[in-house]
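Now for the letters of each chain:
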Amino acid sequence: MTVIRTQSPGSDGRAQPSADEVVIRANLVYKTYETGSARVQALRGIDFSVSRGEMVGVMGPSGCGKTTLLNCLSGLDTIDSGEIWLEGRNLGEMSDKERTEYRALRMGFVFQVYNLLPVLNSVENVELPLLVAGVRPKEARERSRQALKTVGLDQWAHHRPAELSGGQRQRVTVARSLVNTPAIVWADEPTGALDSKTANEIMDLMRELNANQRMTMVIVTHDPGVGAQCNRVVQMRDGLIVGEGLARAPVEGEEIPQTLPK
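Notes on the structure in this doc start here.

Let us now look at the packing of helix α3 (residues 122-132) against helix α4 (residues 137-150). The interhelical angle for the contact between α3 and α4, taken along N-to-C directions, is 125°, at an axis separation of 8 Å. Looking at the two axes, α3 sits oblique to α4. The handedness of the crossing between α3 and α4 is right-handed. Along its contact with α3, which presents S122, V123, E124, V126, E127, L130 and L131, the element α4 presents P137, A140, R141, R143, S144, R145, A147 and L148.

Set out below in C-alpha cells:
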C-alpha cells in the first residue's frame, strides 16, 4: 500500500496549522468503482488537507481520480474506507439529510457545465439554493442581487442563460456558489468551456473572492494556467497524490495560508 501524505512537519521551523485552521482533511481514503467485470481503484489511500482560506489546485492526467476526489471530499459520492473531515465534522457520521443540509449551507459548487435552469433568469438561478435551504424569498432575492453585483452582473439580473455569453453564464454560476457565504467552494474544470481571455477573467474573479472573503477553494483542472493561479497545486496520478508545491508567489498585501513542505 502506498500512501503519500501531503502535509508533514516542516524542517524549516514553521508551525503547523492548528486543528481549527484545517477545513478539509482526508485520512487514508479509498474509492473503488465496479465497471462491468472490472474493478477500478479511483482513490488509493489519499491523505490530504486544506487550511482555511487556501486556494488549492488539483491536477493530473485524465482518469487519475481528480473529479472522484472532489466528489468524495464534498460528500457527493461515498467512499469505501477512510475518513473525511470538514470543518471538524466527520462526513461519514452525517446522515444523508445532514450531508445535504451541510452542502446547502456551507458549500458552493462551480462546474464546467453551468447547470443553470434555462427557464429562470440570473437572479432566480442564483437565489435557488437559498430558497431550497429555507431562506425567506425576500432575503434570498436581496442576497442573490448582491452576489450578482459581486461578480459584475447586476445589470444582467433578469436575463436568462440563453441571453448570456459563456463567460457571463459562468459568472452566474460563481455567484450562485457564493450566495450562501460558503466555507468551501469546489470547482471542477471551471474554465474548461471558456476561451483563454474569459478563463483568465473567471480565475481573476475567483482569486479576488478567495483573497477578500477568505473562501477556501479546491479547483480541479487540467489547465496549467489555472493551476498557476492557485496558492498550491496537488498532482495526482493513478488514484494517488504524487506531489505538491506552491504554484505562484503571493501578490503584495495578499495573505496566503501557511502550507508545509513534505
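Alright, that's what it looks like, and here's the rest.
On to the layout of surface pockets. For the largest pocket, the calculated volume is near 540 Å³. Surrounding the largest pocket, 20 residues form its lining, R103, A104, M107, F109 and P129 being those nearest its centre. Of all the secondary structure elements, the ones that give two or more residues to the lining of the largest pocket are α2 (96-106), β6 (107-111), α3 and α5 (166-178). A total of five residues in the lining of the largest pocket trace back to one element, the largest contributor, which is α2. Taken together, the residues of the lining of the largest pocket sort by class into eleven nonpolar, six polar and three charged.

Tallied over the full model, the rule gives ten salt bridges. Across the salt bridge formed by D77 and K31, the nearest N and O atoms sit 3.4 Å from each other. In this pair, D77 sits in the loop between α1 (66-73) and β4 (81-86) while K31 sits in strand β1 (residues 22-35), placing the two residues 46 residues apart along the sequence. The partner of E127 in a salt bridge is R141, with the nearest N and O atoms 2.7 Å apart. With E127 in helix α3 and R141 in helix α4, this residue pair connects regions lying 14 residues apart in the sequence.

The rules behind the values
- Residues numbered from 1 in each chain as written.
- Predicted model: local features only at pLDDT ≥ 70, side-chain atom pairs only at ≥ 80, totals over all residues.
- Heavy atoms only, no water.
- Axes fitted to C-alpha atoms, helices over the stretch in contact; angles between N-to-C directions.
- Helix = DSSP H or I, 4+ residues; strand = E, 2+ residues; numbered from the N terminus.
- Parallel < 35°, antiparallel > 145°, perpendicular 65-115°, else oblique.
- Left-handed = near helix turned anticlockwise from the far one by under 90°.
- Contact = heavy atoms within 4.5 Å.
- 1 Å grid on protein atoms, 1.4 Å probe; cavity = no way out; pocket = protein on both sides within 12 Å on 5 of 7 lines; lining within 4 Å.
- Points joined across faces, edges and corners; volume = space filled by probe spheres on them.
- Nonpolar A, V, L, I, M, F, W, Y, C, P; charged D, E, K, R; others polar.
- Salt bridge = Lys/Arg side-chain N within 4 Å of Asp/Glu carboxyl O.

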